[in-house]
Amino acid sequence: MCQAKDNEQGHVPDKRTYTVEEIAELLGIGRTSAYALVKEGHFKVVRIGNAIRVSKRSFDAWLDEQTF
């Protein structure tokens, strides 16, 4: 109920997923490399038809674990 009210007022809820293209942009890597990370199982993903959505929470946790 609250979500519908927020949408009527033009409020967009926070994103809970990223596209593979967004992952590539965030990491500064190419699309092919981003798809490889997804294929290797580094993040929780949801497939909707041919589209792949990466869980923001799992991506952020993975990124926090990486050492630079």
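The structure presented is a predicted model; accordingly, all values stated were derived computationally and were not measured.

Undergrad: Got a minute to help me understand the sheet that holds strand S1 (residues 17-19) in this structure?
TA: Strand pairing in a sheet takes place through backbone hydrogen bonds and is either antiparallel or parallel in direction. Pairing within the open sheet is antiparallel, and its three strands lie in the order S1-S3-S2. Both outer strands of the open sheet, S1 and strand S2 (45-48), are each paired with one neighbouring strand and no more. Each strand axis lies, on average, 35 degrees off the axis of its neighbour in the sheet, ignoring direction. Here S2 pairs with strand S3 (residues 51-55) via four bridges, running antiparallel. Bridge pairing in S3 places Ile48 opposite Ala51. Against the sheet, helix H2 (residues 20-27) contacts S1 and S3, and its axis sits at roughly 85 degrees relative to S1.

Undergrad: Explain the layout of surface pockets to me, please; I cannot follow it from the model alone.
TA: Here the idea is plain: a probe the size of a water molecule rolls over the atoms and shows the empty space left. Roughly 160 Å³ of internal volume is contained in the largest pocket. Looking at the largest pocket, the residues that line it are Arg16, Thr17, Lys44, Val46, Arg53, Val54, Ser55, Lys56 and Arg57. In terms of residue count, the dominant contributor to the lining of the largest pocket is S3 (three residues). Looking at side-chain class alone, the lining of the largest pocket contains two nonpolar, two polar and five charged residues.

Thresholds applied
- Residues numbered from 1 in each chain as written.
- Predicted model: local features only at pLDDT ≥ 70, side-chain atom pairs only at ≥ 80, totals over all residues.
- Heavy atoms only, no water.
- Pairing = 2+ DSSP bridges.
- Helix = DSSP H or I, 4+ residues; strand = E, 2+ residues; numbered from the N terminus.
- Axes fitted to C-alpha atoms, helices over the stretch in contact; angles between N-to-C directions.
- Contact = heavy atoms within 4.5 Å.
- 1 Å grid on protein atoms, 1.4 Å probe; cavity = no way out; pocket = protein on both sides within 12 Å on 5 of 7 lines; lining within 4 Å.
- Points joined across faces, edges and corners; volume = space filled by probe spheres on them.
- Nonpolar A, V, L, I, M, F, W, Y, C, P; charged D, E, K, R; others polar.

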